[in-house]
2 protein chains.
Amino acid sequence: MFKEPKEQLEMIKKGTHSIIDEGELLKKLNRSHNEQQPLIIKLGLDPSAPDIHLGHAVVLRKIKQMQDLGHHAIILIGDFTGRIGDPTGKAKGRSALSDEKVKENAKTYYEQIFKVLDQEKTTVRFNSEWLSKMTFEDVMKLAATSSVTRMLERDDFQKRYKNNISIGIQEFFYPLIQAHDSVELKADIELGGTDQTFNVLMGRTLQNQLGLEKQIAIFMPLLEGLDGVEKMSKSLKNYIGVNEEAEVMFKKVMEVPDKLIVKYFELATDEHPKEIEKIQNRIALGENPRDIKLELAEIITALYCGEKKMDEAKQYFQTAFQKKLIPSNIPTILVEIGQEKIADIIPLLIKNQFVKSKSEFLRLVKQEGVSFNSSKLTEDDLDRVIMNNDVLQIGKKRFIRFEK
Amino acid sequence: MFKEPKEQLEMIKKGTHSIIDEGELLKKLNRSHNEQQPLIIKLGLDPSAPDIHLGHAVVLRKIKQMQDLGHHAIILIGDFTGRIGDPTGKAKGRSALSDEKVKENAKTYYEQIFKVLDQEKTTVRFNSEWLSKMTFEDVMKLAATSSVTRMLERDDFQKRYKNNISIGIQEFFYPLIQAHDSVELKADIELGGTDQTFNVLMGRTLQNQLGLEKQIAIFMPLLEGLDGVEKMSKSLKNYIGVNEEAEVMFKKVMEVPDKLIVKYFELATDEHPKEIEKIQNRIALGENPRDIKLELAEIITALYCGEKKMDEAKQYFQTAFQKKLIPSNIPTILVEIGQEKIADIIPLLIKNQFVKSKSEFLRLVKQEGVSFNSSKLTEDDLDRVIMNNDVLQIGKKRFIRFEK
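Quick caveat, the model's predicted, so the values are computed rather than measured.

1. Digging into the overall build of chain A
Then, number 1: Looking only at helices and strands, one finds 17 helices and 11 strands in chain A.
Then, number 2: Across its three principal axes, chain A shows a C-alpha extent of roughly 75 × 50 × 35 Å.
Then, number 3: Burial status across chain A gives 52% buried among its 404 residues.
Then, number 4: When contacts within chain A are restricted to residue pairs at least 6 apart in sequence, long-range pairs at least 24 apart make up 72% of them.
Then, number 5: By element, 49% of the accessible surface of chain A is carried by carbon and sulfur atoms, the whole surface being about 19200 Å².
Then, number 6: Averaging the locations of the 61 positively and 62 negatively charged side chains of chain A gives two centres separated by 3 Å.

Listed below in structure tokens is the structure:
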């Protein structure tokens, strides 16, 4: 059932930022292989941000790859942690969530994470299960496993302490709870972004203090968004959501900057390291990045939307952007990408002399005289949200492109 | 029933280090007077140190004075706090106590505190009553009422943090628990030594955050022990225990250094400030401090042992040390006061040429030729523990005095 441990390690290592530590991981893989027992992989999810994008999915994909190798995942919803939030409401970071809100968020989580994970090899747990039973005395025993000095070594705490920005004492419990959860779940491996280093390593410390085998910490790099600079994030609008329509997802992947193509192959697909090596060679040999990106868009869109929808999306993309002749040198308008509808920006079209008046524009739409990404624009389409590089066209000569 | 608030305030202020704040206290006294309702005075006691001496009794006496003014005391035994202790066993400060040990200690507390307090006007509570019911979530809400920066302002935490001496996170909960206890008990006043400043003021902060009337903090000075320098403490052997025999207590008070006479009147008796003023005048006019100390010894011994035993102790003291002629200029031996018995130090007597041999000494005792503090020394007396200034005598000329 299980592949050779060294072969597994090659796949697991793909794209990781760091593994602490690799030797211990190999030991666990050996044991798992000998006993034909899956390793337990833990991932904690914060129930306050239920909209998953490819940036969040980096860790999920890594887990999926390990599930494909035969291992078992536990998705731990931090409902208790979410409920604590910031009880004073002073800090803007976390706010306490109601039980209903947490459950509602968890439901949308399920829908999204199983777009990546293998449901058969996944258990979902909630940490309130054990944390809500803990007494004051239990909490103090947990608190006593660490020290103030150790906590203030965490980057963000240190910065806030030095800059006199208040740290609530309850905040020290987030890493402690995360560590305790690992003990409770007997985690063999915990996944996290590099921003989770302190918290994940605390799990190792606590397990070690209790005489248990230490979990392996696997840290994944943060994935830059479509701007190629900032970490992918909903608020920066540089994201590709796992719930996007195939057409939108395909088009968005085509917007990934060329320099990030390999990174996206590593972090946003399950391709084998050997395949990625081939991609790197092709780029090095001067192949057009656009063609490689087309493959990336196919792979990613198929992962989330299935082959059929991917095919349709690809066809649409090629019809709209590749085969039809849209000149490259056309006027552009800056708009709030992903927010504004076509109907909203008619005044901008007038200002940019694309049409004379609103009534002219609406008349042209009715007469099927306006194209949107090379397809006829209907009245219903006026509600469509504008994405980056969308193009409006009247006749053969009037074009306008939208950019963020 | 209640005296005039200003008159009460005069008595309450006696000997205090500070009151935060006096204006608020007067308001509370006024309300209590108008409504004929006693104020609630809280004192927390740590169940780990059950042997009470006059140093501990400083706060108890202050409470007794307020009870005499009509107010009600709540003695809060920190059994929960004691149980937390230091769960890791790393810090040497506090160690976790078993439930039985806490209860055993509490019993000995009762016996001792009611040597000072008015039992009718005292309620004893244990903080485990409410703390053991708190959930993790409750604990986090409590934690969130303060911040790391605020905690590290506490002198001892600050020093330890700067000197890289580990502070367990659970230690931050001592002040928080103490504050929460005040909320639970609706305390009007909390008493404490000056070393309790941070913790008692945290009670005010928390009450204020919860929209409750703030408790008044009354801080009492630390009482120096018989050496006149160090804080009274059992380990330094400079203490007068509240459970001492009348004879021992009387004699120990007579050992109080002259410069501390007034402070002992202020902190170790319930004398009215006007009486203390008279004492100060008598000292200023050159009266022999020994005579004033004799009054102090009478008052203190009577407070703890009753008038009758005090009378006997006084008579014994005067017989032994004042009326009989023991020359002042006699040889002295340093011994472990309060620890060694007469039988133990015979080798020292030989070394100091008080007797030639053990057999000579025992023979002289049998023949009633040895006096101890001017009384005949019997064979049974060989088991007596030696106290400071005890004197052994053989015939008219051989004397030896014991000192620490």
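2. Side note on the relation of the copies chain A and chain B
Superposing the two chain copies requires a rotation about an axis and a translation along that axis.
Then, number 1: If you rotate chain A by 179 degrees and push it 0.0 Å along the axis, it lands on chain B with an RMSD of 0.2 Å. As the rotation angle and translation indicate, the two copies are arranged about a two-fold axis. If distances are taken from each C-alpha of chain A to the rotation axis, the shortest is found for Thr135(A), at 2.5 Å.
Then, number 2: In this assembly, 100% of the residues forming the interface of chain A have copies in chain B that are likewise at the interface, indicating an isologous arrangement.

3. Some remarks on the interface of chain A and chain B
Then, number 1: With 33 residues of chain A at the contact, the number on the chain B side is 34 residues.
Then, number 2: Remark: the boundary between chain A and chain B carries four residue pairs in polar contact (both at pLDDT 80 or more).
Then, number 3: When contributions to the side of chain A that touches chain B are tallied by element, the ones reaching two or more residues are α4 (79–84), α7 (136–143), α8 (148–151) and α10 (173–185) of chain A.
Then, number 4: If one sorts the elements of the side of chain A that touches chain B by residue count, α7(A) sits on top with seven residues.

4. Comments concerning the sheet that holds strand β6 (residues 216–220) of chain A
All names here are of chain A.
Then, number 1: Strand order in the open sheet formed by six strands is β1-β6-β5-β2-β3-β4, with mixed pairing between adjacent strands. With partners counted over all chains shown, the strands left at the sheet margins are β1 (18–20) and β4 (122–126), one partner each. The average undirected angle you get between the axes of adjacent strands in this sheet is 25 degrees.
Then, number 2: Pairing analysis gives five bridges linking strand β3 (residues 72–77) to β4, with the strands arranged parallel. Residue Leu76 lies in a different strand from β4, and its bridge partner there is Arg125.
Then, number 3: On top of the sheet, α10 reaches β2 (40–45), β3, β4 and β5 (189–193); it is set at about 145 degrees to β2, its chief contact.

5. Overview of the UniProt feature "binding site: ATP" (unreviewed entry) in chain A
Residue and element names in this part refer to chain A.
Then, number 1: Per the UniProt record, "binding site: ATP" (unreviewed entry) is found at Lys234.
Then, number 2: Looking at the secondary structure, you find Lys234 in the loop between β6 and α12 (246–254).
Then, number 3: Residue classification places Lys234 among the partly exposed residues on the basis of a relative accessible area of 44%.

6. Things to note about the sheet that holds strand β11 (residues 398–403) of chain B
Residue and element names in this part refer to chain B.
Then, number 1: Pairing is mixed in the open sheet, where five strands are placed in the order β7-β11-β10-β8-β9. The open sheet terminates on both sides in strands that have one partner only, identified here as β7 (332–334) and β9 (375–376).
Then, number 2: Here strand β8 (residues 370–372) runs beside strand β10 (residues 391–394); their pairing, made up of three bridges, is antiparallel. Bridge pairing links Ser371 to Gln393 in β10.
Then, number 3: In this fold helix α17 (residues 358–366) packs onto β8, β10 and β11, with an angle of close to 80 degrees to the strand it touches most, β8.

7. Here we look at the side chain of Gln215(B)
Residues and elements named next belong to chain B.
Then, number 1: Tracing the backbone through its elements, the reader meets Gln215 in the loop between α11 (197–209) and β6 (216–220).
Then, number 2: Within the structure, the side chain of Gln215 is placed 3.1 Å from the backbone oxygen of Val200, a separation counted as a polar contact.
Then, number 3: For Gln215, the contacting residues outside a window of four places in its chain are Ile20, Lys28, Ser182, Ala187, Asp188, Ile189, Glu190, Val200, Gly203, Arg204 and Gln207.

8. Regarding the pattern of salt bridges
Residues and elements named next belong to chain A.
Then, number 1: Enumeration over the complete set of coordinates arrives at 52 salt bridges over all chains.
Then, number 2: A salt bridge links Glu244 to Lys252, with the nearest nitrogen and oxygen atoms 2.7 Å apart.
Then, number 3: Judged by relative accessible area, which is 17%, Glu244 ranks as buried.
Then, number 4: Overall, Lys252 belongs to the buried group, its relative accessible area being 9%.
Then, number 5: Notably, a salt bridge pairs Lys293 with Asp258, separated by 3.1 Å at the nearest N-O pair. With Lys293 in helix α15 (residues 289–323) and Asp258 in the loop between α12 and α13 (261–268), this pair connects stretches of sequence that are 35 residues apart.
Then, number 6: Overall, the relative accessible area of 8% leaves Lys293 in the buried class.
Then, number 7: Owing to a relative accessible area of 42%, Asp258 belongs among the partly exposed residues under this scheme.
Then, number 8: It is possible to trace a salt-bridge network through shared partners that takes in Lys28, Arg31, Asp188 and Glu213.

9. As for the environment of Gly203(B)
All names here are of chain B.
Then, number 1: Mapped onto the elements of the fold, Gly203 is located in helix α11.
Then, number 2: The sequence separation of Gly203 and Ala187 amounts to 16 residues, and the corresponding C-alpha distance is 9.2 Å.
Then, number 3: Each residue touching Gly203, except ones within four places of it in the same chain, is listed here: Ala179 and Gln215.

10. Side note on the pairing of β10(B)
All names here are of chain B.
Then, number 1: A two-sided burial pattern is seen for β10, the buried positions comprising Val391 and Gln393 on one face and Leu392 and Ile394 on the other.
Then, number 2: Sheet analysis places β10 next to β11, joined by four bridges and oriented antiparallel. Counted as the bridge partner of Gln393 is Phe399 from β11.
Then, number 3: Counted between consecutive antiparallel strands, the loop separating β10 from β11 contains three residues, among which Gly395 sits at a positive phi close to 60 degrees.

11. Comments concerning unusual backbone geometry
Then, number 1: For the bond running from Ile20(A) to Asp21(A), omega is -10 degrees, close enough to zero to count as cis.
Then, number 2: One can find Asp21(A) in the loop between β1 and α2 (22–35).
Then, number 3: Even without a glycine there, the phi angle at Gln353(B) is positive, about 55 degrees.
Then, number 4: Considering the arrangement of structural elements, one finds Gln353(B) in the loop between α16 (346–351) and α17.

12. Some details on the packing of aromatic side chains
Then, number 1: Using the criterion set out here, one finds 10 aromatic pairs over all chains in the structure.
Then, number 2: When the centroid spacing of 5.0 Å and the interplanar angle of 55 degrees are considered together, the rings of Phe80(A) and Phe136(B) count as tilted. Here Phe80(A), found in helix α4, pairs with Phe136(B), found in helix α7 (residues 136–143), and the two come from separate chains. You'll find Phe80(A) and Phe136(B) in the same group, each marked buried.
Then, number 3: Plain terms: the ring middles of Phe136(A) and Phe173(B) are 6.2 Å apart, the flat faces sit at 80 degrees to each other, and that makes the pair edge-to-face. Residue Phe136(A) is found in helix α7, and its partner Phe173(B) is found in helix α10 (residues 173–185); the two belong to separate chains.
Then, number 4: For Phe136(A), a relative accessible area of 0% translates into the label buried.
Then, number 5: Among the aromatic residues, those joined into a cluster by ring pairs are Phe80(A), Phe136(A), Phe173(A), Phe80(B), Phe136(B) and Phe173(B).
Then, number 6: Positioned over the ring face of Phe157(B) is Arg154(B), at 4.1 Å from the centre of the ring.
Then, number 7: Between the NZ or CZ atom of Lys252(B) and the centre of the ring of Tyr239(B), over which it lies, the distance is 4.5 Å.

The rules we used
Residues numbered from 1 in each chain as written. Chains lettered and ligands numbered in written order. Predicted model: local features only at pLDDT ≥ 70, side-chain atom pairs only at ≥ 80, totals over all residues. Heavy atoms only, no water. Helix = DSSP H or I, 4+ residues; strand = E, 2+ residues; numbered from the N terminus. Buried < 20%, exposed > 50% of the residue type's maximum accessible area, 1.4 Å probe, protein only. Contact = heavy atoms within 4.5 Å. Areas by Shrake-Rupley, 256 points an atom, 1.4 Å probe, with all protein chains shown as cover. Lys, Arg positive; Asp, Glu negative; His and termini not counted. Charge placed at Lys NZ, Arg CZ, Asp CG, Glu CD. Least-squares fit on C-alpha atoms with pLDDT ≥ 70 in both. Polar contact = N/O pair within 3.5 Å; in protein donor to acceptor, adjacent residues only side chain to side chain. Pairing = 2+ DSSP bridges. Axes fitted to C-alpha atoms, helices over the stretch in contact; angles between N-to-C directions. UniProt positions renumbered as here; feature names shortened; annotations may be inferred. Salt bridge = Lys/Arg side-chain N within 4 Å of Asp/Glu carboxyl O. Phe/Tyr/Trp six-rings, centres within 6.5 Å; stacked < 30°, edge-to-face > 60°. Lys NZ or Arg CZ within 6 Å of the ring centre and 35° of its normal.

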